[in-house]
Amino acid sequence: MLRQVAEGVLVHGSDFLQSNCVIVQGHDGVLLIDPGITRTELAGLAHDVRELGQPVVAGFATHPHWDHVLWHEAFGDVPRYGTARCAASMRDLLSTPDWQDRVAGVLPPEFADQIPMEMLGLITGLPADASHLPWDGPSIRVIEHRAHTQGHAALLIEERRILVAGDMLSDILMPFLDLNADDPLADYLAALQLFDGVADRVDAVIPGHGSVGGADQLQARIDQDLAYVETLRDGGTPDDPRVGPSAPLPWLRDVHSFQLQRLAQKAQDAASE
């Protein structure tokens with residue numbers, strides 16, 4: 001089922017981790033952002049899009065993680081965009097002989113046999129300096145940053161005042177840092193500043209996982225993520241319900257602990273250089 005959040009902007013939800021695919025209607029067809037997750041869900045999404053009376057004319061992957069680079073043959077052979085870094089990351093993965101085994105190793109076991117691998121990661125990179133998505137529809141600004149992972153980008157659908165945040169600004173997940181970066185915390189803070197800079201032009205935010213939030217919730221989510229990251233930077237203990245005793249997903253506490261360990265190791269390594 002598609003849920004409309006603004007004129008010509010709809011959301012399709014997945015059972016996996018409350019994943020959101022965003023559908024944007026253009027003049028001659030629709031743009032699919034991060035379609036997923038299972039074959040059945042993707043086929044259902046294709047059916048719902050056909051019911052709109054428009055074909056799929058383009059796709060966009062907010063970043064190069066498996067659950068954001070999926071596709072289905074029913075969507076057709078159309079450009080599937082991502083940042084240049086996102087596309088390069090997927091090319092590197094797909095060039096390795098054992099890429100399917102590597103992807104299979106990170107799939108959730110309860111969904112593993114339902115996730116299509118046939119067209120995973122076939123991303124066309126935008127020019128490195130691209131500021132907007134090249135398509136015949138509402139103007140969509142590309143906000144690239146390195147916070148959750150290299151090649152991550154949020155999309156601001158300017159005419160509809162919608163921010164598609166990728167794997168950030170979730171109400172159910174705390175910030176997942178790019179622990180491969182030189183300074184994960186600084187990168188995340190920089191991305192949150194970018195979001196804060198466009199907040200007055202946004203009426204709704206759509207995270208990759210979680211619920212759609214209104215303008216007031218956007219600022220609250222920016223502030224909550226900012227507090228989490230700054231607390232980690234300053235060596236404190238976050239007062240964040242997403243990693244506390246009432247966390248919506250119990251394993252988030254393990255992810256939080258892992259991030260603390262990796263950050264401490266990075267700091268130790270830097271001090272010994």
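Quick notes on the rules
- Residues numbered from 1 in each chain as written.
- Predicted model: local features only at pLDDT ≥ 70, side-chain atom pairs only at ≥ 80, totals over all residues.
- Heavy atoms only, no water.
- Pairing = 2+ DSSP bridges.
- Helix = DSSP H or I, 4+ residues; strand = E, 2+ residues; numbered from the N terminus.
- Buried < 20%, exposed > 50% of the residue type's maximum accessible area, 1.4 Å probe, protein only.
- Contact = heavy atoms within 4.5 Å.
- Arc of directions from axis to C-beta.
- Phe/Tyr/Trp six-rings, centres within 6.5 Å; stacked < 30°, edge-to-face > 60°.

Colleague: What's the story with the sheet that holds strand β7 (residues 124-125) in this structure? I'm lost.
Modeller: Whether parallel or antiparallel, the strands of a sheet pair through hydrogen bonds between backbone atoms. Pairing is mixed in the open sheet, where seven strands are placed in the order β1-β2-β3-β4-β5-β6-β7. Here the strands that pair on one side only, and so sit at the sheet edges, are β1 (2-6) and β7. Note that strand β6 (residues 80-82) and β7 share two bridges and pair parallel. Counted as the bridge partner of G82 is G125 from β7.

Colleague: Can you walk me through unusual backbone geometry in this structure?
Modeller: Most peptide bonds are trans, and most residues other than glycine sit at a negative phi. Cis geometry is found at the peptide bond from G36 to I37, where omega equals 5 degrees. Secondary-structure assignment places I37 in the loop between β4 (30-33) and α1 (39-51). Not every positive phi belongs to a glycine, and Q18 is a case in point at roughly 50 degrees. For Q18, the position within the fold is in the loop between β2 (9-13) and β3 (20-25). Residue class for Q18 comes out partly exposed when judged on its relative accessible area of 41%. Positive phi, close to 55 degrees, is recorded for D34, a residue that is not glycine. Assignment of secondary structure puts D34 in the loop between β4 and α1.

Colleague: Would you explain the sheet that holds strand β10 (residues 162-166) in this entry?
Modeller: Sheet architecture is open: five strands sit in the order β8-β9-β10-β11-β12, paired in mixed fashion. Looking along the sheet, the strands with just one partner apiece sit at the ends: β8 (140-145) and β12 (213-214). Across three bridges, the pairing between strand β9 (residues 152-157) and β10 is antiparallel. Each bridged residue has a counterpart across the sheet, and for I157 the counterpart in β10 is I162.

Colleague: Would you mind going over the side chain of Q259 with me for this structure?
Modeller: Position of Q259 among the secondary structure elements: in helix α6 (residues 252-272). What makes Q259 buried here is its relative accessible area of 2%. In contact with Q259, not counting residues within four places along its chain, are M174, P175, F176, L177, L179 and Y228.

Colleague: Where do I start with helix α2 (residues 84-94) in this structure?
Modeller: Working note: α-helix, 3.6 residues per turn, so residues spaced by three or four point in the same direction. Turning to α2, its buried residues number three or more, namely C86, A87, M90 and L93. Take α2 and look down its axis: the buried residues cluster within an arc of 125 degrees, on one side only. Seen from the buried face of α2, the exposed residues on the opposite side, beyond 90 degrees, are R91 and D92. Where the residues of α2 are buried, they touch β6, α3 (99-104) and β7.

Colleague: How should I be thinking about the side chain of H145 in this particular structure?
Modeller: When you line up the elements, H145 lands in strand β8. Judged by its relative accessible area of 8%, H145 falls in the buried class.

Colleague: Explanation requested: the packing of aromatic side chains in the structure shown.
Modeller: Inspection of the entire model under this criterion finds four aromatic pairs. Between F16 and F111, the ring centres sit 5.7 Å apart and the planes meet at 75 degrees, which makes this aromatic pair edge-to-face. Placement of F16 in the loop between β2 and β3 and of F111 in the loop between α3 and β7 is noted, with a sequence separation of 95 residues between them. We classify F16 as buried; its relative accessible area is 12%. Ring geometry for F176 against W251: centres 6.5 Å apart, planes inclined by 80 degrees, an arrangement best described as edge-to-face. Within this pair, whereas F176 is found in the loop between β10 and α4 (184-198), its partner W251 is found in the loop between α5 (215-233) and α6, the two being separated by 75 residues in sequence.

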